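Reading the structure
The primary structure of each chain is shown beneath.
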Amino acid sequence: MIRRVLPHGLGRGLLTRRPGTRRGGFSLDWDGKVSEIKKKIKSILPGRSCDLLQDTSHLPPEHSDVVIVGGGVLGLSVAYWLKKLESGRNAIRVLVVERDHTYSQASTGLSVGGICQQFSLPENIQLSLFSASFLRNINEYLAVVDAPPLDLQFNPSGYLLLASEKDAAAMESKVKVQRQEGAKVSLMSPDQLRNKFPWINTEGVALASYGMENEGWFDPWCLLQGLRRKVQSLGVLFCQGEVTRFVSSSQHMLTTDDKAVVLKRIHEVHVQMDHSLEYQPVECAIVINAAGAWSAQIAALAGIGEGPPGTLQGTKLPVEPRKRYVYVWHCPQGPGLETPLVADTSGAYFRREGLGSNYLGGRSPTEQEEPDPANLEVDHDFFQDKVQSAWAGYYDYNTFDQNGVVGPHPLVVNMYFATGFSGHGLQQAPGVGRAVAEMILKGRFQTIDLSPFLFTRFYLGEKIQENIII
Amino acid sequence: MLKLIIPTIMLLPLTWLSKKHMIWINTTTHSLIISPIPLLFFNQTNNNLLTYSLSFSSDPLTTPLLMLTTWLLPLMIMASQHHLYNEPLLRKKLYLSMLIILQISLIMTFTATELMMFYILFETTLIPTLIIITRWGNQPERLNAGSYFLFYTLVGSLPLLIALIHTHNTLGSLNIMLLNLSSQNLTDSWSNNLMWLAYMMAFMVKMPLYGLHLWLPKAHVEAPIAGSMVLAAVLLKLGGYGMMRLTLILSPLTKHMAYPFLMLSLWGMIMTSSICLRQTDLKSLIAYSSVSHMALVIAAILIQTPWSFTGAIVLMIAHGLTSSLLFCLANSNYERTHSRIMILSRGLQTLFPLMAFWWLMANLANLALPPTINLLGELFVLMASFSWANTTIMLTGLNMLITALYSLYMFIMTQRGMLTHHIKNMKPSLTRENMLMLMHLFPLLLLSINPNIITGFTP
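Since the structure is predicted, the reported quantities are computational estimates derived from the model, not experimental observations. The numbers attached to residues start from 1 for each chain and follow its sequence in the written order. To label them, take the chains in the order written and letter them from A, then take the ligands in the order written and number them from 1. Totals for whole chains, interfaces and linings use all residues, but because this is a predicted model, local features are given only for residues with pLDDT of at least 70 and pairs of side-chain atoms are given and counted only at 80 or more. Based on all heavy atoms of the structure, the side-chain values leave hydrogens and waters out of the count.

With respect to the pairing of strand β12 (residues 286-289) of chain A
Residue and element names in this part refer to chain A. Stated precisely, the cut-off is as follows: Relative accessibility under 20% of the residue-type maximum defines a buried residue, over 50% an exposed one, and the middle range a partly exposed one, all with a 1.4 Å probe and only protein chains included. Strands here are runs of E lasting at least two residues and helices are runs of H or I lasting at least four, both read from the DSSP assignment and numbered beginning at the N terminus. In this description, strands pair whenever DSSP reports at least two bridges between them.
Neither face of β12 is open: one carries Ile286 and Ile288, the other Val287 and Asn289, and all of them are buried. Of the strand pairs in this sheet, strand β1 (residues 66-69) and β12 are connected by 4 bridges, and their pairing is parallel. Directly across from Val67, in β12, lies its bridge partner Val287. Pairing of β12 with strand β19 (residues 415-419) involves 3 bridges; the strand directions are parallel. Within the sheet, the bridge partner assigned to Val287 lies in β19 and is Met415.

Structural notes on the nonpolar core
The following threshold applies: By nonpolar core we mean a set of buried residues, namely Ala, Val, Leu, Ile, Met, Phe, Trp, Tyr and Cys, connected to one another through side-chain atoms within 4.5 Å. Contact between two residues is taken to exist if any of their heavy atoms lie within 4.5 Å; hydrogens are not considered.
A:Leu82, A:Leu223 and A:Ile288 are the most contacted members of the largest nonpolar core, which totals 214 residues. Ranked by the residues each element gives to this core, the list is headed by helix α11 (residues 225-250) of chain B, at 17 residues. Once residues within four sequence positions are removed from consideration, A:Ile288 is found in contact with A:Val66, A:Val67, A:Ile68, A:Val69, A:Val78, A:Leu82, A:Tyr416, A:Val436 and A:Ile440. One finds A:Val97, A:Cys239, A:Cys284 and A:Ala291 within the second-largest nonpolar core, a separate group that totals 29 residues.

Section: the interface of chain B and chain A
Note the following rule: Defined in terms of a 1.4 Å probe, buried area is the accessible area two parts forfeit on being brought together, summed over both. Salt bridges are defined as contacts in which a side-chain nitrogen from Lys or Arg sits within 4 Å of a carboxyl oxygen from Asp or Glu. Side-chain atoms alone can form a polar contact between residues adjacent in sequence; in general such a contact is a pair of N or O atoms within 3.5 Å, and within protein one must be able to donate a hydrogen while the other accepts it. When residue character is reported, Ala, Val, Leu, Ile, Met, Phe, Trp, Tyr, Cys and Pro are called nonpolar, Asp, Glu, Lys and Arg charged, and the others, Gly included, polar.
At the junction of the two partners, chain B supplies 28 residues and chain A supplies 37 residues. Approximately 2,700 Å² of surface area, both sides summed, lies buried where chain B meets chain A, with 54% of it carried by carbon and sulfur atoms. Taken together, chain B and chain A are joined by 0 salt bridges. Along the contact surface separating chain B from chain A lie 7 residue pairs in polar contact (both at pLDDT 80 or more). Those elements that provide at least two residues to the side of chain B that touches chain A are α7 (142-171) and α14 (306-337) of chain B. Residues belonging to the side of chain B that touches chain A are distributed by class as follows: 12 nonpolar, 11 polar and 5 charged.

Looking at the sheet that holds β1(A)
Residue and element names in this part refer to chain A. So the rule is basically this: Between N-to-C directions, angles span 0 to 180 degrees; the directions come from axes that are lines fitted to C-alpha atoms, helices contributing only their stretch in contact.
Strand order in this open sheet of 6 strands is β8-β2-β1-β12-β19-β18, and the pairing throughout is mixed. Lying at the two open borders of the sheet, with one neighbouring strand each, are β8 (237-240) and β18 (405-408). Between one strand and the next, the sheet's axes are offset by a mean angle of 20 degrees, whatever the strand orientation. Relative to β19, β18 runs antiparallel, the two being bridged by 4 bridges. Looking across to β19, one finds that Val406 is bridged to Ala418.

A word on the packing of helix α4 (residues 122-136) of chain A against helix α10 (residues 425-442) of chain A
Residue and element names in this part refer to chain A. In plain terms, the rule: Under this scheme an angle from 65 to 115 degrees is roughly perpendicular, one under 35 degrees roughly parallel, and one over 145 degrees roughly antiparallel; angles in between are oblique.
With their axes 7 Å apart at the nearest point, α4 and α10 run at an angle of 100 degrees to one another. With respect to their mutual orientation, α4 and α10 come out roughly perpendicular. Between α4 and α10, the residues in contact are Asn124, Leu127, Ser128, Phe130, Ser131 and Phe134 and Gln427, Gln428, Ala429, Pro430, Gly431, Val432 and Arg434, respectively. Residues of the contact of α4 with α10, tallied by class, amount to 6 nonpolar, 6 polar and 1 charged.

So, unusual backbone geometry
Across the junction of B:Met207 and B:Pro208, the peptide omega takes the value -10 degrees, indicating a cis bond. B:Pro371 follows B:Pro370 through a cis peptide bond whose omega is 0 degrees. By the element assignment, B:Pro371 lies in the loop between α16 (353-366) and α17 (373-388). Look at A:Tyr103: it is not a glycine, yet its phi comes out positive at around 50 degrees. Along the chain, the position of A:Tyr103 falls in the loop between β2 (94-98) and β3 (114-115). The exposure class of A:Tyr103 is buried, given its relative accessible area of 5%. Positive phi is not limited to glycine here, since A:Asn214 has a value of about 65 degrees. Checked against the element boundaries, A:Asn214 lands in the loop between β6 (207-211) and β7 (216-217). The exposure class of A:Asn214 is buried, given its relative accessible area of 16%.

Structural notes on the packing of helix α1 (residues 2-17) of chain B against helix α4 (residues 89-111) of chain B
Two measures define how a pair of helices packs: the angle their axes make with one another and the distance between the axes. Residue and element names in this part refer to chain B. Look at α1 against α4: their axes get within 9 Å of each other, and the N-to-C directions meet at 175 degrees. Regarding the angle of α1 to α4, the classification is roughly antiparallel. Contacts from Leu4, Ile5, Thr8, Ile9, Leu11, Leu12, Thr15 and Trp16 in α1 reach Leu90, Lys93, Leu94, Leu96, Ser97, Ile100, Ile101, Gln103, Ile104, Ile107 and Met108 in α4. Here the residues of the contact of α1 with α4 sort into 14 nonpolar, 4 polar and 1 charged.

Observations concerning the environment of A:Asn375
Residues and elements named next belong to chain A. Within the secondary structure, Asn375 is located in the loop between β16 (358-363) and β17 (389-398). C-alpha of Asn375 to C-alpha of Ala392: the two residues are 17 residues apart in sequence and 9.0 Å apart in space. In this structure, Asn375 is in contact with Lys323 and Tyr394, ignoring residues within four places of it in sequence.

Brief notes about the sheet that holds strand β11 (residues 279-283) of chain A
Residues and elements named next belong to chain A. Judged by pairing direction, the sheet is antiparallel, and its 3 strands sit side by side in the order β9-β10-β11 without closing on themselves. The outermost strands of the open sheet, each flanked by one partner alone, are β9 (242-254) and β11. Across the sheet, the mean angle separating the axes of adjacent strands is 35 degrees when strand polarity is ignored. In this sheet, β11 lies alongside strand β10 (residues 260-272) in antiparallel orientation, the contact comprising 5 bridges. Following the sheet pairing, Val271 is matched in β11 by Gln280.

As far as function goes, none of this settles anything; it's purely spatial.
Written as structure tokens, this is what we have:
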């Protein structure tokens, strides 16, 4: 009896517990508990965000004035210009939502990286010219204190487009437009071609246009990282997540000729976290669709295209992902270092890659041969020869007229597009970003007028077509 | 005074027993019916305190503030209708109960005759305000804002409790009427100076004084509209009212103790006005403009001449109405665009011409355009501070200039300019919103015809 009464020391029964322990034990995981308490105390101190109830540091903020869906080069360019053109520091809160932080499927990282001004639309030429000057002065635009300058590895070798007999007249008129806009392009006959590039086979070539300045290729990954770094230093918030829902409010109004129209305004964006059901509703004033190849999904979430076909409500965003292959091969006796990016009469193109006689290139497939865009697997049979390596990337292909969509949607009034560039988004990104930022802050395009690129052209049927795309 | 307090208390069962579709109508109408009751206390024929009871009374200092408080409750209820639309009924009733409890405490604070009761109710007003800011605010920063608000005010007012108890022990009573008669000539000793500080710091934090104003922009920006309205219009005036009551028992220490605070408020009003010029967030701009106006009031109360007291009271009433009106206008913007940034909502005059008129009147009143009572208050304070020290005219004159600058800046940024595409579909102005603005502006303009009633103790 006495032994059972003794509280501690010798002879523990099954029901007695050691002093200092409780079920579940506060002394277990002591370090974890201490760090949690320290975190809670730090969050009360001024200057920190208050996360007393639950830790929400991985979620985006509850409110952001502008939400940019898509963190590729177009989305980051819009974020950069919004911050650059705002009137005061930290005036607008911008949030960039990117689904994949490794950018494994994004068009930017997988791009060939070329920039050229040889388009037929003056707006495209102006955009590329501005981008060229942006890239040339990139270390003034994207300078961050104490960070190393960017090395874009810009190869100013130019573009050489070859035209057959039937396309020669079109090419001449194109070059005239380009020269009017300020691009420096020269026309070459087959003899001049053979003179300048002795390795070229001019069979079937009637005329060639060669860009002499502001054309070439660069490292798109470097531009992306530079933009990302700068934009983060300007105060833009990044968040990894997927946009799953837009909460909007509609208003039924009448046009001047008494037709009923429903105007929508998105006021909340639901961002869902990776591999989880947790989502954060972000209250926003403006949404920018820069989701690249997946822009149509985002547009469908906002209700664009739900309506009888042929009406403005029923006009969908005609951007879809198209897979394009790029192959790398080795050619020891190939053309030299001055080789431009050559695009053949059939649409095949190649350029020099590095200094070890490697070349990369590809060709846009015809409509029948379109590869399945479900994944980025490479079809090696598409290329008829031996390759060293290959990769595939998506074009955010605009099935309507293969040119970008920029600007607001007429019915969903606070969704702005910056997508659908069908392969030349990278080279036009700085110009497009500035145009969208001007549209948001000032109400109209100020520097480059991109009104032919507005969404309404899909409804009105006005195609603005380029003659050749690579 | 019970004829005012009991109906306000009875608003609580009214809220809880109303049916779902009658809740807004009932509360708004009944608070509107209660609001003219303080009109009975105006026009007192002599300056002696007209006592209605032993515990509550109203004199020419209290009555304008009381009128402001009771007039503001129906306005707050009208302004909250939109953002509470989707909440369940229980939460709507809770919100209204918080507003009504706040109203009861405010009425009792302003009419309290005993300084201890004043203090208790002064602290009581903090609790419903804190609940409104932290529970119904919009951003996660509101928890931070709520803590700042609570702790600044509490830490400022705890010394006040000790000083009040000490005075009760020395003088025997804290009744305001008796304090008028028993003047204690405080000697200039360390402990008396500390007591002066203890008395005044609570109200300095509340006003707020420039160095202690950190809680105000946070609280205003994070609070929902009714919270912002009551904070700007009434709670800040509690500080001014308390200071004016307590300077009776603190003479003659004020003559030398007031110097640092006068300097801080004169300098602070220019600083906060300049900050307004660089603000991008609309609500933050209006919050800083509140600090600037209240700094003038602090300076006026510390100078302690009859004209400066008049200027202080008039400025408090004018600022209460104007600031509340500006917050309502900013809220009508926020409800439509879901963003408080000024550059994202420009050119609104073409969309909402009538609202542009209210914006214009609010901004003109803010910059003290004659003949509004804003100008009356500022002029009186200007003249009093000039007679106190000639060089203050440079600071106060500069402040008037900068006030005009940022008020017009606010107007031009929101109303003029190019309409951007994402603003083009906005719901037209609701009658409720126009009514709200009119009910703010109407007393303001009427008072400019007869400001005698709010000039306080001077005839």
